[in-house]
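# Examining the three-dimensional arrangement
The primary structure of each chain is shown beneath.
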Amino acid sequence: MVSPMLFIIAPLSAAFIMILFNSRVIALGLSLLVPIGLAWLGLSWLPYTLGAAQPILVASIPAPLGIPLSIDALGAGMAILVAVSAALVVLYSSSYMKKGHHEVRYYTVVMILLTSAFGLVLTRDIFNLFVFFEILCISSYILVSWEQDGAALEASFKYMVLGSIGSTFLLVSIALVYRVAGSLAMADVATALATAPRGYVAFAAVTFLFGVGVEAAIFPVNTWLPDAHSSAPSSISAILSGFVIELALVVAFRVLNTAFAAVDTLPLVRVVAIAGVIVGEMAAFGQKDLKRMLAYSSISQIGIMLFAFSLGTQAGAQAGLQHLLMHAGAKSALFLIAGYFIVRTGSRLIADYAGLGHRMPVSAALFGFAALSLVGAPPLLGFFTKFQVLSAAGAAGGFTAWLGVAVILFGTVLETVYLFRVLRVLFAPAASGSPARADMDWPALAAVALFTALVVFGALLLPTLSQMIGPMADGLASLL
Amino acid sequence: MYTQALLLLPLVGFGVAFLLQGTVKRSPAIVKTWAMLGFAAIAAVAALAGAEIGTLYEGPTVFGSVLTYGLTDLSWWFVLLIAGITALTTVFTLGSLRYADDYPMYYAWLFAKVFGMIGLVMSRDLLSFFIMWEIMSWATYLVMQQGRDESRKAAQGYLVYAISAGMILLGGVVFLRTASGSFEFAVITKFVAGADLGVIITAIVLVLVPFLIEAAVYPTHGWLPSAYASSETTMTAYLSSISTRMGLFGLILFVFNVFGLDVIDRIGISAHLNLRTLLLVLAALTAVLPTYTALFQHDAKRLLTWHSIGQGGYMLLGLATASTLGTAGGLMHIFNYMTYVALIIFSIAAVEYRTGTTNLNKLGGLITRQPVAFLGMLFGIIGLAGIPPMNGFVSKWFIYRSLILGGYPFVALAAFIATVGTIMSVYKLIHNTFLGQLPERYNEVREVGWVMQLPIWVLMAVVFATGVFPGTILQWIARIQVELGIAPIAYTLGGVAQEAGDLNMMVITLVFTLTFIVGAVIFFMGGKRRIVSQYDNYAAGHFLNKDVPYNFNYNFYSAFDHIFEKLYHAAPVQSTERNLGRLVATVGEYIRRFFTGQINTYAAYYVAAVIIALAFLKEVL
């Protein structure tokens, strides 16, 4: 059995090797091979984790002195999702990123971002979590500013300031916890907090929620997101919207739900989630900038997932995770296609895409499918995941749960309207004659097609998926 | 086996038509042949499928419950209507559909829509009903958004309504599933029968409102006219004739079968002020207001789309009485309206095919150039206006009768008023298209080819035959009524035999024919007629010639328009709809301002978030 430590070691070493060789081919090759290998690694570990979480011994030092790591079904599942998404985005980047634009550095930073993403799902130490969280944030700042133009730099700067505030909150929370528990292992934290003063725990929990919540795009600390996700290169937007915020969400929710279980934060989380859904959809509704619209949509979709988690039931957790999978596929596809719309027209404004669907028919059609799945049109995957979120909410019952159902349904109407407004523009009659076909380059097209295939035919996977979704959902309430 | 085939054939048809779209502009014959074969096969299977009524076909398992499909008498009737009108429309499009315009996906979307509709009527559980409902809505959107930019815009309007309806219905599905624990209709029926009034009202509102929206019942009809009128003309015929009725299907299924009339009638203040009274009032408004709006339309297609709304009101009037005669009238009117509206729009499409316009201000005098289209429209509008001997008279007679007998005199009055409007507007339609002087530019217009004439002749025969022998249709209606738990109608071949007055269309037709013959005899024997040039004429004291043409066509009913102009433009529905859209946009804009772009406000949000969250958690206090 290959050690799951490779999840952290492999991308990190790949990053160093890339810098050493400074060759585009090696960088590209490594950043394709590493995620693919890690996806395979995750798959090979998955069966062992379905029964029970597998602790990992780091450097032969057991906790509390060593850093406790553990791979469970949730970790393996998220790792596979991250690895597969990353491999596809790298494939897309191979044709999307302009040649000679510091490509090696780009792939290096992506690898470092992957290191921290994998680290976040494996770690069971709250300070170690902080470290990986910082790495994730910093690599994100770099990637957001990649275009080096005014908007990108501004977005990155805002992101950095807000991320730092979040880190500070997180650090405050960790300090509070350490004072009580005397240990940073999450398991010890959970035991210690159970007997601590409840006001104290509540304060630590809230600072933790809004600290990690920055990266997880939880309302109202997600204000950096519309700028950052829209100004970043589209491949990076796909990474950030596709799995980074989801991953941060899962990690944040798991820790809150387990280590801070002494205080019932679920009602608070639910209110925050519902607010996120409605604010995201309403803000996206009037957007004229495609990527910004998609970014706001991510805010609301994160809200839907968080809402499902916050129901506190097994069904809710499962539904949330399935919706997460769907959103990862659909939003990545949408951002990646938007990237090529921008390449072809040189504009981010939807109004400038009139008739683009005739030039890029395949891309526009894939955009349509991904959008359909995102709004939950049957029989695409999005319908099944959204339906499960809604029925889990119905089963959980209570005023806020039904309020959430109503808000999600209303949000879906808005989402449909604004996404199909884009499609209407795309397929508007061509202004002059029939312009030459200029679809995406094939590596990009292949990557997008795979993402879209997931959200279109994903419903067929659901029976198979359900075997692993159950244990994964358990992971949200367990620290082993 | 036929049940599976009914679901599978449209899917296969869709797949192949989708793949064939690339060949459309080079050789349209391939995809047209495929569509014709496909829809003919569906019609044939639909006709045979009656043998399988009552058997259930189990589809895939979703969320632990099996999706079941099967035919009942009601759904078989609808399947026949769908398959029949689709086949006829396809025959017409073989001649009329030109690919100079941008309709490469016409048949693919049509197959998808047929799949959604057939699937919808065959669904035997709530989940598959919802899935098919959504597929149908999306397919309708796709069907509508083809072609010009105008249709795209109108389709977007439809999408807002359709998706709102879909989401309300989804809320209803989740609610009923949560409350009853099952998607099965039988379980839901049992659950609703024993549920609290609050639960019933919630379920009924969530489930029935989407159907009212899809059926374009006042005041949710705002989407229909633009969406239908800006579609390709054969598609207008198709959408008007069958698509809107899917909402009524849902209403019939849930009111009579799933919820049951007893449960529906529990909601209300008294025996005469209940949910059904509300439906009757809405239906009456639907019948009256859109019919008079139709008068002011200057486009033939748009004029008829308003009738699609109005005539839907008649259907709902009959159904909401829940009496034998009323439901028979409502159900029959669905069939009748389908036949004559398709007939009228095919005639319009034939005119449009030759003249390139449906603008009523520009047409006229085409009777000598396109006599078949004229006859088609004549038969159709006699049906639409509810005049014997066409089939529209029978169903309308049933509906009036049931309203009077059921003790709803004011509603009956509204129905009569609507009929006056109908007659006025269909006269405008036929006059402005076929009567009056022929504009010079249309001198060369010829009749359309036999392929396009065929559906017109077929529908003329149907409209007439089912008008003279309504028993042929009523035998189906009686079977459906038994299934819905209503006493079946005592039909005869010529109409209905009942204590409160018989109806025998054969006698009426005979009288009509004799009168017609007497009139014809007087006309021909009188020897007073003289055939003159169309310019050898006068009007209002003026001689008419090429330079001073007969101009009643232009702005027909302008006096009427003048009187009611203010009322029409104050149309509360359209402005409400616009204002709602504006409200969402404005509120959205305010909410978006939450994202100020200023780091200092964002930093303040952190602090505020922590403080509010702590206050929320209470444990701190």
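Residues numbered from 1 in each chain as written. Chains lettered and ligands numbered in written order. Predicted model: local features only at pLDDT ≥ 70, side-chain atom pairs only at ≥ 80, totals over all residues.

## So, the overall build of chain A
The condition is simple: What counts as a helix is a DSSP run of H or I of at least four residues, what counts as a strand is a run of E of at least two, and both are numbered from the N terminus. Within these notes, the globule rule equals 2.2 Å times the number of residues to the 0.38 power, and the radius of gyration is based on C-alpha atoms. Exposed residues have 12 or fewer other C-beta atoms within 10 Å of their own C-beta, buried residues have 20 or more, and partly exposed residues fall in between, where C-beta atoms are placed from the backbone. We call two residues in contact whenever the C-beta atoms placed from their backbones are within 7 Å.
From N to C terminus, chain A includes 18 helices and two strands. In summary, chain A has a C-alpha radius of gyration of 21 Å against a globular reference of 23 Å for 480 residues, a match within 12%. If one aligns the C-alpha atoms of chain A with their principal axes, the spans along those axes are about 75 × 55 × 45 Å. Within the span of chain A, comprising 480 residues, buried residues form 65% of the whole. A separation of at least 24 residues holds for 80% of the contacts in chain A among residues at least 6 apart in sequence.

## Side note on the overall build of chain B
Scanning chain B from terminus to terminus reveals 24 helices and nine strands. By the compact-globule yardstick of 25 Å for 621 residues, chain B fits well, its C-alpha radius of gyration being 26 Å. The C-alpha extent of chain B, read off along each of the three principal axes, is 105 × 65 × 50 Å. Looking at the 621 residues of chain B, the share that counts as buried comes to 53%. By sequence separation, contacts in chain B at least 24 residues apart represent 76% of the contacts at least 6 residues apart.

## Things to note about unusual backbone geometry
The peptide bond linking A:F219 to A:P220 adopts the cis configuration, its omega dihedral lying at 0°. Between B:P388 and B:P389 the backbone carries a cis peptide bond, its omega angle lying at 10°. A positive phi angle is found at B:A216, which is not glycine, with a value near 55°. When you line up the elements, B:A216 lands in the loop between α8 (197-214) and α9 (224-229). Taking the number of C-beta atoms within 10 Å as the measure of exposure, B:A216 has 27 and is therefore buried.

## Here we look at the interface of chain B and chain A
Spelled out, the test is: Polarity classes work like this: nonpolar for Ala, Val, Leu, Ile, Met, Phe, Trp, Tyr, Cys and Pro, charged for Asp, Glu, Lys and Arg, and polar for all others, with Gly in that last group.
On the chain A side, the residues contacting the 41 residues of chain B number 43 residues. Considered class by class, the residues forming the side of chain B that touches chain A number 28 nonpolar, five polar and eight charged.

## Regarding the pairing of strand β1 (residues 56-62) of chain B
All names here are of chain B. Heads up, the condition is: By definition, two strands form a pair when at least two bridges between them are found by DSSP.
By the bridge criterion, five bridges tie β1 to strand β2 (residues 65-70) in an arrangement that is antiparallel. Its bridge partner lying in β2, T61 is registered against V66. Between β1 and β2, which pair antiparallel one after the other, the connecting turn spans two residues, and F63 there sits at a positive phi close to 50°.

## Notes on helix α20 (residues 471-484) of chain B
Residues and elements named next belong to chain B. Rule in force here: Every helix has an expected span of 1.5 Å times one less than the residues it contains.
For α20, spanning 14 residues, the distance from its first C-alpha to its last is 19 Å, which sits close to the expected 20 Å at 1.5 Å a residue. Inspection of α20 places I473, L474, I477, A478, I480, Q481 and L484 among the buried residues, and these make up the whole buried set. Of the surrounding elements, those touching the buried residues of α20 are α3 (73-96), α11 (245-258), α15 (324-355), α19 (450-468) and β5 (491-492). With its phi angle positive at about 80°, G485 sits one or two positions after the end of α20.

## Side note on helix α12 (residues 290-310) of chain A
Residue and element names in this part refer to chain A. Look at α12: 30 Å from first C-alpha to last across 21 residues, which is about the 30 Å you get at 1.5 Å a residue. Of all the 21 residues making up α12, 21 are buried; the element is thus mostly covered by neighbouring parts of the structure. Within two residues after α12, G312 carries a phi angle of roughly 75°, on the positive side.

## Focus: the domain arrangement of chain B
Residues and elements named next belong to chain B. The test is simple: How far each domain reaches was decided by an automatic or database domain assignment.
Partitioning chain B into structural domains gives domain 1 (1-203 + 218-247), domain 2 (267-526) and domain 3 (586-617). One C-alpha centre belongs to domain 1, the other to domain 2, and the line joining them spans 24 Å. The partner domain 2 presents 39 residues to the 29 residues of domain 1 that form the contact. Elements that contribute at least two residues to the side of domain 1 that touches domain 2 include exactly α3, α8, α9 and α10 (233-243).

## Concerning the sheet that holds β5(B)
Residue and element names in this part refer to chain B. If you walk across this open sheet you meet the three strands as β5-β6-β7, and the pairing is antiparallel. Of all the strands in the sheet, the pair left with one neighbour each is β5 and β7 (503-504). By the bridge criterion, two bridges tie strand β6 (residues 495-496) to β7 in an arrangement that is antiparallel. In the strand pairing of β7, G495 is matched with N504.

## Regarding the nonpolar core
Filter applied, for reference: For our purposes the nonpolar core covers buried Ala, Val, Leu, Ile, Met, Phe, Trp, Tyr and Cys residues that link as a set through C-beta atoms within 7 Å.
Counting 423 residues, the largest nonpolar core has A:V82, A:L247, A:F260, A:V448, B:V79, B:L317 and B:A415 as the members making the most contacts within it. Setting aside residues up to four positions removed in sequence, B:L317 forms contacts with B:L280, B:A283, B:A284, B:A287, B:I399, B:L403, B:V411 and B:A415.

## Some details on the environment of A:G376
Residue and element names in this part refer to chain A. Residue placement: G376 occurs in the loop between α15 (361-375) and α16 (381-396). Each C-alpha atom of the pair G376 and T416 lies 9.2 Å from the other, and the pair is 40 residues apart in sequence. Look past the residues within four positions of G376 in its chain and what remains in contact with it is G382, F383, K386 and T412.

## Side note on the environment of B:G449
Mapped onto the elements, B:G449 comes out in the loop between α18 (409-434) and α19. Note: C-alpha distance between B:G449 and B:A350 (99 residues apart in sequence) is 9.3 Å.

## So, the confidence of the model for chain B
Basically, it comes down to this: What pLDDT expresses is the predictor's confidence in each residue, scored from 0 to 100.
On average, residues of chain B carry a pLDDT of 88, and 97% of them reach 70 or more. Taken over the whole predicted complex, pTM reads 0.93, whereas the ipTM for its chain interfaces reads 0.92.

## Some words on the packing of helix α16 (residues 371-385) of chain B against α18(B)
All names here are of chain B. How we decide: Geometry is summarised by axes, namely lines fitted to C-alpha atoms with helices restricted to the contacting stretch, and by angles between N-to-C directions that run from 0 to 180 degrees. Here the angle decides the label: under 35 degrees means roughly parallel, over 145 means roughly antiparallel, 65 to 115 means roughly perpendicular, and every other value means oblique.
Contact geometry for α16 and α18: axes closest at 9 Å, N-to-C directions at 175°. One element, α16, and the other, α18, form an angle in the roughly antiparallel class. For the pair α16 and α18, contact is made by F374, M377, L378, I381, L384 and A385 and by T422, I423, V426, L429, I430, T433 and F434, respectively. Its residues assigned to classes, the contact of α16 with α18 comprises 11 nonpolar, two polar and no charged.

## Brief notes about the packing of helix α13 (residues 314-345) of chain A against α16(A)
Each pair of packed helices gets described by two things: the angle between the helix axes and the distance between those axes. Residue and element names in this part refer to chain A. The cut-off we apply is this: Each helix crossing is assigned a hand: it is left-handed if the near helix lies turned anticlockwise from the far helix by less than a right angle, otherwise right-handed if that turn is clockwise.
Relative to each other, α13 and α16 sit at 155°, their axes nearing to 8 Å. In terms of axis orientation, α13 runs roughly antiparallel to α16. By crossing handedness, the relation of α13 to α16 is classed as left-handed. Here α13 contributes A315, G316, A319, G320, Q322, H323, M326 and A330 to the contact with α16, which in turn contributes L381, G382, T385, K386, Q388, V389, A392, A395 and A396. A class-by-class count of the residues in the contact of α13 with α16 yields nine nonpolar, seven polar and one charged.

## Considering the environment of B:M332
Residues and elements named next belong to chain B. Summarising the element assignment, M332 is placed in helix α15. With 26 C-beta atoms counted inside 10 Å, the residue M332 sits in the buried group. Here the alpha-carbon distance between M332 and G392, two residues 60 residues apart in the chain, equals 8.9 Å.

## A closer look at the confidence of the model for chain A
For chain A, per-residue confidence averages 89 on the pLDDT scale, and 97% of positions sit at 70 or higher. Taking the mean pLDDT of every element in chain A, the minimum, 78, falls on strand β1 (residues 54-56) of chain A and the maximum, 94, on α12(A).

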